[in-house]
Amino acid sequence: MKYLICDFYEDFKCIGDRCPYTCCAGGWDISIDKDTKEIYDCAGGEFGQKLKQNIRTVNDTEFQFLLTKDHRCPFLTPDNLCEIYQKLGADKLCATCRNYPRTCKEYGDLAFYTLTLSCPEVSRILLNKTEPVSFLFGEDDRKGESNALNAFDWNYFNTLTSCFTFSIELLQNRSYPLSARLRLLLIFTNTLQLLLNNHKDITPLLETFSSPEYIKGQAETLSLPSSNIPSVFSAFLHFHQTTETLREGHFLRDFTTAVDEFLHSAKGDRLWERIRNGLCLLSDPKYDIHYEHLCVYFLFRYYFRAYETRNPLEEVAQLVYVLLIYRGYALPFCSDKEGISVEKQISLFSAVSRTFEHVPQNLAALSASFKKDGQQDICFLLSIL
């Protein structure tokens, strides 16, 4: 099996009781695999009894811990350490607890390994990174399912691979502002989608966008900062006012409350002045690296869903929507001169990831709230960058 690993994958180490937003107290269901359940069933003594009393059966192969009334794992100690780890050892943790925040998704003969931003420590690693994200390629002895691989559409997969590679390289081309790179990515992907829909050859598209002269000319045209701040904020406000479409228990409540307070703290011209100042601060080049990393992370995790949906434009559009949400919920925390602190960004990155990445229905609701007649509107997408 071939694999790609984000270069920050090995940098992660759980910080345990020092975590500001421990995954064991976030109200998430914690799945227990069958093999680990059998180990817990064999545990003896008082602790073995506690294990048996705090696990419920979902189906024949999946089980879950019974969360406490305050939505904590029953084995999370008052000082935020794991009782199972302490009493049985790290090798007795269930697969969910052993692996998180590590994730892996396989397409064809290629596995994609990364970390999820819902973990605050992963967000911290990514936000503190200054160099472009790189990917380590390798191969191991694992083999994919032969039946699935025989039926795999390798031509389309190779097309997506070429477009994914170009998209990542474009996003990390720091010769141009991130806004210009994102606009170019949207134009490229929209054209790609039209070609795919009409079963046309994409080779000329890749050849055109592979030309440094072409990219330079387009980027210079697209590098002007957005002057459509009212439209940008109106788009965010549209989503903010429809957050009831999110599933119960989403993790943005503190930020939605902060936006409500922000909106009521000033009126008229004073409010729009604060909005303009905040969005301008968040468009400062110093944030380009943060949002570049976010975009690369998002494409690495989700671009190849387009193998199943045949809709790469949907994946890029969702990236733009998520970026809009980040900037909108960052507004209340922008001081007049300093912008938003790294600590607050870590909290926001984690909350957005928990809300949208761990609840796919929420990401679908986000995308649906902006579609026109059920389709992505490329002009609208370009206008909110």
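In the block above lies the structure referred to throughout.
An account of the accompanying structure is given in this report. (Residues numbered from 1 in each chain as written. Predicted model: local features only at pLDDT ≥ 70, side-chain atom pairs only at ≥ 80, totals over all residues. Heavy atoms only, no water.)

For the rest of this paragraph, the subject is the overall build of the protein chain. Within the protein chain, the regular secondary structure consists of 19 helices and 7 strands. Scaling as 2.2 N^0.38, a compact globule of 385 residues should have a C-alpha radius of gyration of about 21 Å, and the protein chain matches this with 23 Å. Taken along the three principal axes of its C-alpha coordinates, the protein chain extends 70 × 60 × 40 Å. For the protein chain, contacts bridging at least 24 residues in sequence account for 76% of all contacts bridging at least 6. On the protein chain, the mean spot of the 40 positive side-chain charges and the mean spot of the 49 negative ones are 3 Å from each other. (Helix = DSSP H or I, 4+ residues; strand = E, 2+ residues; numbered from the N terminus. Rg over C-alpha atoms; globule rule 2.2 N^0.38 Å. Contact = heavy atoms within 4.5 Å. Lys, Arg positive; Asp, Glu negative; His and termini not counted. Charge placed at Lys NZ, Arg CZ, Asp CG, Glu CD.)

Moving on, we come to helix α10 (residues 212–222). Buried within α10 we find I215, A219 and L222. Angularly, the buried residues of α10 cover 65° about the axis, an arc narrow enough to put them on a single face. Residues of α10 that are exposed and point over 90 degrees away from its buried face: E213, E220 and T221. In this structure, the buried residues of α10 make contact with α7 (154–171), α8 (178–197) and α9 (203–209). (Buried < 20%, exposed > 50% of the residue type's maximum accessible area, 1.4 Å probe, protein only. Arc of directions from axis to C-beta.)

Attention now goes to the sheet that holds strand β5 (residues 102–107). The 4 strands lie next to each other as β5-β6-β1-β7, forming an open sheet whose pairing is mixed. This sheet does not close on itself; its edge strands, each paired only once, are β5 and β7 (135–139). Each strand of the sheet is rotated relative to its neighbour by a mean of 20°, with strand direction disregarded. Alignment of β5 against strand β6 (residues 110–115), held across 6 bridges, turns out to be antiparallel. Within β6, the position partnered with K105 by the bridge is F112. Against the sheet, helix α14 (residues 288–302) engages β1 (2–6), β5, β6 and β7, with an angle of about 140° to β6. (Pairing = 2+ DSSP bridges. Axes fitted to C-alpha atoms, helices over the stretch in contact; angles between N-to-C directions.)

Moving on: the state of the cysteines. Summed over all chains, the structure comprises 0 disulfides. Free of any disulfide, C14 has its nearest cysteine sulfur in C23, 6.5 Å distant. Looking at C19, it has no disulfide partner, and the nearest cysteine sulfur is the one in C119, 5.7 Å off. (Disulfide = S-S within 2.5 Å.)

A word on the environment of L171. Considering the arrangement of structural elements, one finds L171 in helix α7. Among the residues examined, L171 registers a relative accessible area of 0% and is labelled buried. Separated by 66 residues in sequence, L171 and L237 have C-alpha atoms that sit 27 Å apart. Once you skip the residues sitting within four places of it in the chain, L171 turns out to touch L178, R181, L182, L185, E292, C295, V296 and L299.

Here the focus is the packing of aromatic side chains. Taken as a whole, this structure holds 37 aromatic pairs when the rule is applied. Ring geometry for F209 versus Y214: centroids 5.1 Å apart, planes at 70°, classification edge-to-face. By relative accessible area, Y214 is classed as partly exposed at 28%. Geometrically, the ring pair formed by F255 and F333 is edge-to-face, given 5.6 Å between the ring centres and 75° between the ring planes. On the criterion of sequence distance, the pair formed by F255 in helix α12 (residues 253–264) and F333 in the loop between α16 (312–330) and α17 (342–356) is long-range, its members being 78 residues apart. Of the aromatic side chains, those joined through ring pairs into one cluster are Y107, F112, F135, F152, W154, Y156, F157, F164, F300, Y303, F304 and Y307. Across from the ring centre of Y156, 3.9 Å away, lies the NZ or CZ of R310, which sits over that ring. (Phe/Tyr/Trp six-rings, centres within 6.5 Å; stacked < 30°, edge-to-face > 60°. Lys NZ or Arg CZ within 6 Å of the ring centre and 35° of its normal.)

Across 4 bridges, β1 lies against β6 in parallel orientation. What sits directly across from L4, in β6, is F112. As defined by bridge partners, β1 adjoins β7 across 5 bridges and the pair is classed as antiparallel. Its bridge partner being in β7, C6 is matched across the sheet by F135.

Turning to the sheet that holds strand β2 (residues 31–33), a few remarks are in order. Strands in a sheet are paired, the pairing made by backbone hydrogen bonds, and the direction either parallel or antiparallel. In spatial order, the strands read β2-β4-β3; together these 3 strands make up an open sheet with antiparallel pairing. Each edge of the open sheet is held by one strand with a lone partner, namely β2 and β3 (55–57). The mean inter-strand angle of the sheet, taken between neighbouring strand axes irrespective of direction, is 40°. Where β2 meets strand β4 (residues 62–65), 3 bridges bridge the pair, whose relative direction is antiparallel. What sits directly across from I32, in β4, is F63.

Across all of its chains, the model carries 15 salt bridges by this definition. K371 is paired through a salt bridge with E314; the nearest N and O atoms lie 3.3 Å apart. Of the two residues, K371 is situated in the loop between α18 (360–368) and α19 (378–383) and E314 in helix α16; the sequence distance between them amounts to 57 residues. When salt bridges with common partners are traced through the structure, they connect K50, E83 and K87 into a single cluster. (Salt bridge = Lys/Arg side-chain N within 4 Å of Asp/Glu carboxyl O.)

So, about the side chain of Q318. Considering the arrangement of structural elements, one finds Q318 in helix α16. Given the relative accessible area of 6%, Q318 is considered buried. Side chain to side chain, Q318 and R305 meet in a polar contact 2.9 Å long. Excluding anything up to four places from it in sequence, Q318 contacts F298, R305, L363 and S367. (Polar contact = N/O pair within 3.5 Å; in protein donor to acceptor, adjacent residues only side chain to side chain.)

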